[in-house]
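Residue-level listing of the chains:
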Amino acid sequence: MALKSIDPTKTKAWKKLEEHFKEIKNVHMTQWFKNDTNRANRFTIKWDDFFVDYSKNRITNSTVDLFLELANEVELKNAISSYFSGDKINQTENRAVLHTALRAPESAQVFVDGENIIPKIYETNKKIETFTNHIINGALTGHTGKPFTDVVNIGIGGSDLGPAMVVEALSFYKNHLTTHFVSNVDGDHVNEVLKKISPETTLFVIVSKTFTTQETLSNANTIRQWFLQSAQEHTVAKHFVAVSTNIKKVKEFGIVNENIFPMWDWVGGRFSLWSAVGLSISLSVGYNNFKALLEGAHKMDEHFKNEPLQTNIPVISAFLSIWYNNFFKSESEAIIPYTQYLNQFATYLQQAIMESNGKTIMRNGDKVNYQTGNIIWGEPGTNSQHAFFQLLHQGTKLIPADFIGFKKSLHGNIDHQDKLMSNFIAQTEALLNGKSSEEVAKEIQRSNLPKETINQLTPFKVFEGNKPTTTIFIDKLTPESLGKLIAMYEHKIFVQGVVWNIYSYDQFGVELGKQLAGNILEEFNSSSIITHDASTKNLINHYKNLTE
Ligand code: F6P
């Protein structure tokens, strides 16, 4: 069944939410904490190794109840069944959206156009497993017989960001292979990577769903030429493998059948790390850890599918996001993981979230008259505390933030972990409570400054507080818990798209720039003149060093 087109702003629940917003928009959350000793517990979801505390948000019981009414009116539950059962909910591309099938158990049955897709997923997983084992244990070697030491993932967007983020996130679990990522069409990127590797001992994984992406094909060709400077054409087969849906194009590139790892059009690029796109993850941490990542994601899928909406982590998380985006008019959301391992998590989520929900057209083809996709940004704590936290605490913008932390550190340094966790918890406390002018005045008085100076300084040192945060506290960063965390955000994206009445799984917005770059590139190399605006024309001429 296709997703229905329901304008959320025309629902009864939305109108009630607007009224409710007027009532609570100026209430300080500390008031609610004072009046209700059970608030923290009531707004905490404990599930598996996840402890999600969303009590430090500008919500009351009524807010949640009204969002549940909204979910009902936009038929969220039906949408969830359509999503999991393989309905073509990516209607603008006439495709199913089945990254969830990639982590379903072997006994599951998921049909696309009458075919159960689970057997071919498992066949590919087996191929990933065997290949991974052979590269790691040295059964497969480079063309001079030396074992592989390095892997280079060549891809961009979803064919880069997911694997790159996970490989770094799981670097504690990695083996002897060093993984590199080449994505940008900037030739300096590929050349910097080539400086670090030897053609004899490097495996190249070309990842491109379409196998037509300019950046990936340019980088793959450059690397192939570099490789052939010291090796013979027939040895390409030992060093280059590809992941794609476009088998014909992969073969044209010269990659042999056994080195092709298939993927399918029902997997969106930004949701594809669970497929063979994750080959570099499997190579880096071993197949069993890759499998654990998939199993974690599957557990979150089950939670999302079966848990009542009021205790459903992705659903609540999506409600909060919509609440701030559409009612408080927050433009952006910060993601702050308190682990250096998740250094690339916000970057990864930028594609997942902004490419999915950065849309203006409702499912019936009309233009929306409300805000959709939010802007995502973030950096790990505690680094970010010394960078942009000033603005979170005392700036004029309301920026809801997800604080993601892990109880146990992987290297077990208790001293550091205690310091990290104290910051993790303290920041949400500070953002909630702030610091009043009385508290500030009392504090400065202790410094024996003249009264006048105290009065002058006080306003600058006040923290208003009332800044919303959600704490996602997880026991330990493992392949399984990481799988759950990523899947949580994937489902949050889905819920937001359903409520905003947009199509989350196409990305036509990235096409125009590509097309125009193609025209300009042609102009660089020929005398053909295409009409441009004056600014664009000047820039082209400036690059070509021409003056009119
Ligand atoms: O940025 C647009 C996009 O189509 C993404 O959705 C995709 O992840 C990326 O390009 C790479 O595409 P491909 O895997 O086909 O090379």
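Residues numbered from 1 in each chain as written. Predicted model: local features only at pLDDT ≥ 70, side-chain atom pairs only at ≥ 80, totals over all residues. Heavy atoms only, no water.

Asks: Could you clarify how one ought to interpret the side chain of Asn-501 in this entry?
Replies: Position of Asn-501 relative to the elements: it lies in the loop between α20 (479–500) and α21 (511–524). Apart from residues no more than four positions distant in its own chain, Asn-501 is found in contact with Lys-4, Ser-5, Ile-6, Asp-7, Pro-8, Ile-361, Met-362, Arg-363 and Tyr-370. (Helix = DSSP H or I, 4+ residues; strand = E, 2+ residues; numbered from the N terminus. Contact = heavy atoms within 4.5 Å.)

Asks: What's the story with the domain arrangement of the chain in this structure? I'm lost.
Replies: Interfaces are often sized by the amount of accessible area the parts lose when they come together. Under the domain assignment used here, the chain contains domain 1 (8–73 + 312–416 + 467–506), domain 2 (99–291) and domain 3 (509–547). Taken together, the contacts link 29 residues of domain 1 with 21 residues of domain 2. Buried surface at the junction of domain 1 and domain 2, summed over both partners, amounts to about 2100 Å²; 64% is from carbon and sulfur atoms. Inspection of the domain 1/domain 2 interface yields 2 salt bridges. Here Glu-355 and Arg-270 are joined by a salt bridge, their closest N and O atoms 2.9 Å apart. The leading source of residues in the side of domain 1 that touches domain 2 is α20, at 8 residues. Residues belonging to the side of domain 1 that touches domain 2 are distributed by class as follows: 13 nonpolar, 11 polar and 5 charged. (Domains from an automatic or database assignment. Buried area = accessible area lost by both parts, 1.4 Å probe. Salt bridge = Lys/Arg side-chain N within 4 Å of Asp/Glu carboxyl O. Nonpolar A, V, L, I, M, F, W, Y, C, P; charged D, E, K, R; others polar.)

Asks: What exactly am I supposed to notice about the site of the ligand here?
Replies: Within the structure, the ligand sits among 13 residues, and Ser-159, Ser-208, Thr-210, Thr-213 and Glu-355 are positioned closest to it. At 2.6 Å from an oxygen atom of the ligand is found a side-chain nitrogen or oxygen belonging to Ser-208. In this structure, Thr-213 approaches the ligand through a side-chain N or O atom, which is 2.5 Å from an oxygen atom. With the chains in place, 87% of the 390 Å² that the ligand exposes on its own is no longer accessible. Residue composition of the shell around the ligand, grouped by class: 2 nonpolar, 9 polar and 2 charged. (Near = heavy atom within 4 Å. Polar contact = N/O pair within 3.5 Å; in protein donor to acceptor, adjacent residues only side chain to side chain. Areas by Shrake-Rupley, 256 points an atom, 1.4 Å probe, with all protein chains shown as cover.)

Asks: Any chance you could explain the pattern of salt bridges here in plain terms?
Replies: For side chains of opposite charge, pairing can occur when their charged atoms come near one another. Using the criterion set out here, one finds 28 salt bridges in the structure. Taking the shortest distance from any N to any O, the salt bridge between Lys-120 and Glu-115 comes out at 3.3 Å. In this structure, Lys-492 and Glu-333 form a salt bridge, with 3.4 Å as the shortest nitrogen-oxygen distance. Residue Lys-492 is found in helix α20, and its partner Glu-333 is found in strand β10 (residues 332–337); the two are separated by 159 residues along the sequence. Three or more residues are tied together by salt bridges with common partners; here these are Asp-48, Asp-49, Lys-299, Glu-480 and Lys-484.

Asks: Help me understand the packing of aromatic side chains in this model?
Replies: Each aromatic ring pair is described using two quantities: the centre-to-centre distance and the angle formed by the ring planes. The full count for this structure, using the stated rule, is 39 aromatic pairs. Arranged with centres 5.1 Å apart and planes meeting at 5°, the rings of Trp-264 and Trp-266 form a pair that is stacked. Trp-266 carries the same exposure label as Trp-264, and that label is buried. Ring plane angle 85° and centroid distance 6.2 Å describe the contact between Phe-304 and Phe-494, whose orientation is recorded as edge-to-face. Taken together, the residues Phe-304 in helix α13 (residues 287–306) and Phe-494 in helix α20 connect sequence positions 190 residues apart. For Phe-494, a relative accessible area of 2% corresponds to the buried category. The ring of Phe-261 is capped by Lys-127, whose NZ or CZ atom sits 5.2 Å from the centre of that ring. (Phe/Tyr/Trp six-rings, centres within 6.5 Å; stacked < 30°, edge-to-face > 60°. Buried < 20%, exposed > 50% of the residue type's maximum accessible area, 1.4 Å probe, protein only. Lys NZ or Arg CZ within 6 Å of the ring centre and 35° of its normal.)

Asks: Can you help me understand empty space enclosed by the protein in this one?
Replies: Any empty space left between the atoms is revealed when a probe the size of a water molecule rolls over them. Per the counting criterion, the structure on display carries 6 cavities of 30 Å³ or more. Quantified by volume, the largest cavity comes out at close to 160 Å³. Around the largest cavity, the lining is made up of 20 residues, and of these Ser-317, Leu-320, Asp-402, Thr-470 and Lys-492 lie nearest the centre. Sorting elements by how many residues they give to the lining of the largest cavity places helix α14 (residues 313–327) first, with 6 residues. Its residues placed into classes, the lining of the largest cavity shows 13 nonpolar, 4 polar and 3 charged. Its volume calculated, the second largest cavity comes out at about 70 Å³. Around the second largest cavity sit Met-1, Ala-2, Leu-3, Lys-4, Val-74, Glu-75, Asn-78, Ala-79, Ser-82, Arg-363 and Val-498, which together line it. Sort the elements by how many residues they give to the lining of the second largest cavity and helix α5 (residues 76–85) lands first, with 3 residues. Split into classes, the residues belonging to the lining of the second largest cavity amount to 6 nonpolar, 2 polar and 3 charged. (1 Å grid on protein atoms, 1.4 Å probe; cavity = no way out; pocket = protein on both sides within 12 Å on 5 of 7 lines; lining within 4 Å. Points joined across faces, edges and corners; volume = space filled by probe spheres on them.)

Asks: Help me out: how do you make sense of helix α6 (residues 118–137) in this one?
Replies: At 3.6 residues per turn, the α-helix brings residues three or four places apart onto the same side. The end-to-end C-alpha distance of α6 is 28 Å, a good match for the 28 Å that 20 residues give at a rise of 1.5 Å each. Residues of α6 that are buried: Ile-118, Ile-121, Thr-124, Asn-125, Ile-128, Phe-131, Thr-132 and Ile-135. Buried residues of α6, viewed axially, fall in a sector of 155°; they line one side. Residues of α6 that are exposed and point over 90 degrees away from its buried face: Pro-119, Glu-123 and Asn-137. (Expected span 1.5 Å × (residues − 1). Arc of directions from axis to C-beta.)

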